[in-house]
Amino acid sequence: MSFVQVLSKIFGNKSQRDLKAIMPIVDKIKAIEPTLESLSNDELRRRIDAVRADLKAATRENNTEKSTLREQVETMPFEERQPIWEKIDKLEKNILDTLEDKLNEHLPEVFAVVRETASRFARNETIEVTATDLDRELAGQGRDFVTIDGDKAIWKNHWLAGGNEIKWDMIHYDVQLIGGIVLHQGKIAEMATGEGKTLVATLPVFLRSLSKRGVHVVTVNDYLSKRDSEWMGPLYMFHGSTVDCIDKHQPNTPERRAAYECDITFGTNNEFGFDYLRDNMAMTPSDLVQRKHYYAIVDEVDSVLIDDARTPLIISGPVPKGDDQYFDEYKANVQKVVEAQRRLVTRILTEAKAKIASEDKEEKKEGALLLFRAYKGLPKNSALIKFLSQEGMKNILLETEAHYLQDNGREMPTVTDPLYFVIDEKNRSVELTDKGIDELTGKTSDPHFFVLPDIASQLSEVETIADTAERQQRKDELMQNYAVKAERVHTVSQLLKAYTLFEKDVEYVIDDNKIKIVDEQTGRIMEGRRYSDGLHQAIEAKEGVKVEAATQTFATITLQNYFRMYHKLAGMTGTAETEAGEFWDIYKLDVVTIPTNRPVARIDMNDLVYKTKKEKYAAVIEEIVKLRDAGRPVLVGTTSVEISELLKRMLDMRKIEAQVLNAKLHQKEAQVVAQAGQKGIVTIATNMAGRGTDIKLTPEVKAAGGLAIIGTERHESRRVDRQLRGRSGRQGDPGSSIFFVSFEDQLMRLF
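Below is a short write-up of the structure. (Residues numbered from 1 in each chain as written. Predicted model: local features only at pLDDT ≥ 70, side-chain atom pairs only at ≥ 80, totals over all residues. Heavy atoms only, no water.)

## Here we look at the overall build of the protein
The following threshold applies: Only DSSP runs of H or I with at least four residues qualify as helices, and only runs of E with at least two residues qualify as strands; both kinds are numbered from the N terminus onward. Buried means the residue's accessible area, taken with a 1.4 Å probe over protein chains only, is under 20% of the maximum for its type, while exposed means over 50%, and partly exposed covers the values in between. Working rule for contacts: check all heavy atoms of both residues, and any pair within 4.5 Å makes them a contact. The accessible surface values rely on the Shrake-Rupley method and a 1.4 Å probe; as for residues, cover is taken only from the protein chains in view.
Per the secondary structure count, the protein includes 28 helices and 25 strands. Oriented by its inertia axes, the alpha-carbon framework of the protein measures out at about 90 × 80 × 55 Å. Counting the 751 residues in the protein, one finds 50% classified as buried. For the protein, restricting intrachain contacts to residue pairs at least 6 apart in sequence, the fraction spanning at least 24 positions comes to 73%. Put simply, the protein shows about 35900 Å² of open surface, and 50% of that area lies on carbon and sulfur atoms.

As structure tokens, this is what we get:
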């Protein structure tokens, strides 16, 4: 037994220790519940009013003093303000500490009241209470869940959410109380798919909303933010908390500002970030929409805080002469070089195959060099990928690469000089060789047309000119020439990347005659996102759509830095444990694994590995047919739009109906996912990460073995694979999952 196992046996593992600390709080909540059952609806509401009043009283003194100091500081000279601001900061810290203590004290009662309220909504068609001002306001706005009858408000248990009528039928399980406590404490709750993360959030969100400092519920797309605000909203509003969703309102409007003034505000991560940037560009205080960042719960926290964390949010604007671009002008030159490289690599590969098959040792060595040269020239070449999937070929390539990389790549020019350009697929870079520059320049009179001059030596030569005016004029000419050539070289470099590293229907799609980026983690279109540094314009030129004007950055922030501004941050996901170290290092967020309500009955099978993609996809189709004939629904996960469409065509040839859910069709997302649990339904989806809609199974499907998950490729993030697996086996349902892998897959090639 190892030392770690010995310690685990004595002290329990982390998960057991976390639960041991939380269970006494759960017991307190359950002890309060029986006392609430006998209360009238009005008395239940008054319990929450009492908590609000207590929080207000506890912070009144500090709040009053803070307000007085803020008024005072405005009238003081600037040099005397610092000590007052320090006092204000100290008072603010006192207020936050007091609120933290008070919220912990009231947590059992508030959680018990929310659970009892959910239970009453589930048991009764209508709930009658004495009408409050908020009840009247909501009824006046035409909300479908509340009507006023004299001095009474009638609350219904069914309302519209995300365009569909829902009837409230949920009551928090004990494990959901555990999840709620974890989120309130500012930690990450890892809960399996189908364990009701949306309902769990109601507990800490409502508790924190009583502080009146603003709670933000962050989701990954606007459909979920709108749906969840409408679905869970009545539960909060019943007890007097105001709710809105920023995605329903235009930026920089009074409605958007009013949404932030609500006790609970739903929205997408990007919109919260962009509003912060717009606030930083505001000219007057009245233009600001956000308040101080108090508490946020991030849904699909791994996707937002790790996958998207380093992607900057950028507000950009036009640049002078932004339309003066060379992309269309030099597109033909770059196409010519790419075609020349394609022909060269095809020839090199044919030669390499012949020489590697030879018995002569020297010829074999030459063949290995040629194979490596072809790889450096076009690593995504389909014939090359197929050849490398043959037994032993990958090893030959790796050994040759190791040989030429030694001594800081001293012998690398032997490999790369005959090529037109060299591709580094892992680092996404392309570098032209001298041969490539010659091909690019073609018949132009200036052989250095696409070569950057050595500006430092040119400027030092100019220093010898005695006449000051002439020297300055010559310097200006050199600098202007350098700027033009730098722009030209940059344009060509980005066009080369667009042609060799970015594939249509993999990294991007063409929608409405525009280039739209596909999120590699979730398979969703990233609306409004553009590649920076001219790369997007290069792709537009390559695909023959309108090349947009160049832009410049006005304001930028990464999601990582934005979310670190919150006083308390919490998150929910089905897969955080694999990134627990990173969450702690960057955000100081602890990950707590919440047990499932019922044991997981899904069978996870070992991967099936094939030599080629063709054999793999044929096997996938056979597996789909077999499962469908057994009366089971099948969910097929793919890593790109291209593969999902290929599988759809293959199934069409077999006369099998399949629903496709990819970056091109994500507006019907929830509808497709909701039907994915019906008998014999086949659904093909690009990465199912955080689709946010339950796949519910019929009794007939459960008897047949439940939902079958088929992964057509391993994703480089293990977490995305776990998210796909997690779609099956919710709430103890039966199910199975299996991944099909081939030696031609990108993951196998790169790693």
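Let's pick the thread back up.
## Comments concerning the packing of helix α13 (residues 361-377) against helix α15 (residues 393-409)
Using the following cut-off: Orientation is described by axes fitted as lines to C-alpha atoms, over the contacting stretch for helices, and by angles from 0 to 180 degrees between their N-to-C directions. Orientation labels follow simple angle bins: below 35 degrees gives roughly parallel, above 145 gives roughly antiparallel, 65 to 115 gives roughly perpendicular, and whatever is left gives oblique. Here the term charged refers only to Asp, Glu, Lys and Arg, the term nonpolar to Ala, Val, Leu, Ile, Met, Phe, Trp, Tyr, Cys and Pro, and the term polar to all other amino acids, Gly among them.
Running from amino to carboxyl end, α13 crosses α15 at an angle of 85°, the nearest separation of the two axes being 9 Å. It follows from the interaxial angle that α13 and α15 lie roughly perpendicular. Across from Ala368, Leu369, Leu371, Phe372 and Tyr375 in α13, the residues of α15 making contact are Met393, Ile396, Leu397, Thr400, Glu401 and Tyr404. Here the contact of α13 with α15 is built from residues that sort into nine nonpolar, one polar and one charged.

## Here we look at the sheet that holds strand β10 (residues 295-299)
Paired through their backbone hydrogen bonds, the strands of a sheet run either parallel or antiparallel. The condition that has to hold: Here, a strand pair is defined by DSSP locating no fewer than two bridges between the strands.
Pairing within the open sheet is parallel, and its seven strands lie in the order β8-β9-β7-β10-β17-β6-β18. Strands at the two margins of the open sheet, each flanked by one partner only, are β8 (243-245) and β18 (591-593). Strand-to-strand twist of the sheet, defined as the mean angle between neighbouring strand axes without regard to direction, takes the value 20°. Direction of pairing for strand β6 (residues 188-190) relative to β18: parallel, over a ladder of three bridges.

## Comments concerning the pattern of salt bridges
To keep it simple, the criterion reads: A side-chain nitrogen of Lys or Arg and a carboxyl oxygen of Asp or Glu constitute a salt bridge if their distance falls within 4 Å.
Taken as a whole and assessed by the stated rule, the structure comprises 48 salt bridges. Taking the shortest distance from any N to any O, the salt bridge between Lys380 and Glu507 comes out at 3.8 Å. Of this pair, Lys380 sits in the loop between α13 and α14 (382-388) while Glu507 sits in the loop between α19 (468-500) and β14 (508-511); the two residues are 127 residues apart in sequence, bridging distant segments of the chain. Through salt bridges with shared partners, a single network forms among Lys30, Glu33, Arg115 and Asp174.

## Focus on the pairing of strand β7 (residues 215-219)
Most of β7 is tucked away, with five of its five residues classed as buried. Every second residue of β7 is oriented toward a common face, with Val215, Val217 and Thr219 on one face and His216 and Val218 on the other, all of them buried. The sheet contact formed by β7 and strand β9 (residues 264-268) spans five bridges and is parallel. Within β9, the position partnered with His216 by the bridge is Thr265. Of the strand pairs in this sheet, β7 and β10 are connected by four bridges, and their pairing is parallel. Paired with His216 across the two strands is Ala296, which belongs to β10.

## So, the sheet that holds strand β1 (residues 126-130)
Judged by pairing direction, the sheet is antiparallel, and its three strands sit side by side in the order β1-β3-β2 without closing on themselves. Every other strand in the sheet has two partners, leaving β1 and β2 (146-149) as the edge strands with one partner each. When the angles between neighbouring strand axes are averaged without regard to direction, this sheet yields 25°. Pairing between β1 and strand β3 (residues 152-156): five bridges, direction antiparallel. Looking at β3, one finds that Val129 is bridged to Ala153. Against the sheet, helix α3 (residues 41-74) contacts β1 and β3, and its axis sits at roughly 65° relative to β1.

Limitation: the analysis is restricted to geometry and does not speak to function.
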